[in-house]
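So the chains spell out like this:
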Amino acid sequence: METIEILLIGIGLAMDAFAVSICKGLSMKSMSWRKALIVGLYFGTFQALMPVIGYFLGATFENLVTQIDHWIAFALLTFIGSNMLKEAFTKNEENRNDNVDFKTMIILAIATSIDALAVGITFAFLKVDIILATIIIGIVTLIICIIGVKLGNKFGDKYERKAEVVGGAILILIGLKILLEHLKLF
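These remarks concern the structure in this document.

Rules used throughout
- Residues numbered from 1 in each chain as written.
- Predicted model: local features only at pLDDT ≥ 70, side-chain atom pairs only at ≥ 80, totals over all residues.
- Heavy atoms only, no water.
- Axes fitted to C-alpha atoms, helices over the stretch in contact; angles between N-to-C directions.
- Helix = DSSP H or I, 4+ residues; strand = E, 2+ residues; numbered from the N terminus.
- Parallel < 35°, antiparallel > 145°, perpendicular 65-115°, else oblique.
- Contact = heavy atoms within 4.5 Å.
- Nonpolar A, V, L, I, M, F, W, Y, C, P; charged D, E, K, R; others polar.
- Polar contact = N/O pair within 3.5 Å; in protein donor to acceptor, adjacent residues only side chain to side chain.
- Phe/Tyr/Trp six-rings, centres within 6.5 Å; stacked < 30°, edge-to-face > 60°.
- Buried < 20%, exposed > 50% of the residue type's maximum accessible area, 1.4 Å probe, protein only.
- Expected span 1.5 Å × (residues − 1).
- Bend = angle between axes of the 7 residues up to and from the residue.
- Left-handed = near helix turned anticlockwise from the far one by under 90°.
- Patch = residues over 30% accessible without salt bridge, like charges linked within 9 Å, V, L, I, M, F, W, Y side chains within 5 Å.
- Areas by Shrake-Rupley, 256 points an atom, 1.4 Å probe, with all protein chains shown as cover.
- Salt bridge = Lys/Arg side-chain N within 4 Å of Asp/Glu carboxyl O.

### Remarks on the packing of helix H1 (residues 3–26) against helix H4 (residues 102–126)
No. 1: Direction vectors running N to C along H1 and H4 enclose 170°, while the axes themselves pass 10 Å from each other. One finds that H1 runs roughly antiparallel with respect to H4. Judged by residue contacts, Ile 9, Leu 13, Asp 16, Ala 17, Val 20 and Lys 24 of H1 engage Thr 104, Met 105, Leu 108, Thr 112, Asp 115, Ala 116, Val 119 and Phe 123 from H4.
No. 2: Looking at side-chain class alone, the contact of H1 with H4 contains nine nonpolar, two polar and three charged residues.

What follows is the structure, given as structure tokens:
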């Protein structure tokens, strides 16, 4: 597999994390590059680690992983999106949730990187250089997510609660899309 193909896979894998990063940016009252970097590091690290785990699991657990990954992603993204919707309708202006603490970010990072586990299994079959793939996927995701936080923050400052409702809906729709694709209904 060529480096450009791994780069394109990295971009594709980062899209879920990008959408969630936009949502995190929406909840920030003012742009915080420190928080954007934290978001990017969480997502970049998990997007890089999951293919490594998948690579080593290989064909042994392929059927098990591909049978449940969509359900896990759907449940986590729906839960997070629903919480965003709830907060959009119940919070005060000063009470924005821009948490990037371990508990918040670990759930988001796992939810958005489950597909990368399946990609890692594929990498094992294709004999991809997993170290190169890990570096490329991690860096691509880091950069894309920092950009996502910035874009979300800019959009969120202008449209406030409406933007957060859209962000929560996006997360739910991403989870639904993952589920429907895996069930071959979409």
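So much for the structure itself; the text now carries on.
### What to know about the side chain of Ser 21
No. 1: Its location among the elements puts Ser 21 in helix H1.
No. 2: Within the structure, the side chain of Ser 21 is placed 2.8 Å from the backbone oxygen of Ala 17, a separation counted as a polar contact.
No. 3: In contact with Ser 21, not counting residues within four places along its chain, are Val 39, Phe 43, Cys 145, Gly 148 and Val 149.

### Things to note about the packing of aromatic side chains
No. 1: Using the criterion set out here, one finds one aromatic pair in the structure.
No. 2: Residues Tyr 55 and Phe 56 carry aromatic rings whose centres are separated by 5.5 Å and whose planes lie at 85° to one another, so their mutual orientation is edge-to-face.
No. 3: For Phe 56, a relative accessible area of 64% gives the class exposed.

### So, the environment of Ile 68
No. 1: Looking at where Ile 68 falls in the secondary structure, it is placed in helix H3 (residues 62–90).
No. 2: Under the relative-accessibility criterion, Ile 68 is labelled partly exposed at 40%.
No. 3: Separated by 46 residues in sequence, Ile 68 and Ile 114 have C-alpha atoms that sit 9.8 Å apart.

### Side note on H4
No. 1: The end-to-end C-alpha distance of H4, which contains 25 residues, comes to 34 Å, matching closely the 36 Å that a straight helix rising 1.5 Å per residue would cover.
No. 2: Taking the largest bend as the criterion, H4 deviates by roughly 45°, centred on Ser 113.

### Digging into the packing of helix H2 (residues 33–57) against H4
No. 1: For the pair H2 and H4, interaxial distance at closest approach is 6 Å and the crossing angle is 35°. Here H2 runs over H4; the crossing is right-handed.
No. 2: For the contact of H2 with H4, the class distribution of residues is 20 nonpolar, five polar and no charged.

### Remarks on a nonpolar patch on the surface
No. 1: On the surface, a nonpolar cluster with roughly 560 Å² of combined accessible area is contributed by Ile 131, Ile 135, Ile 139, Ile 143, Ile 147 and Leu 151.
No. 2: Relative to the helices and strands, Ile 143 is located in helix H5 (residues 130–182).

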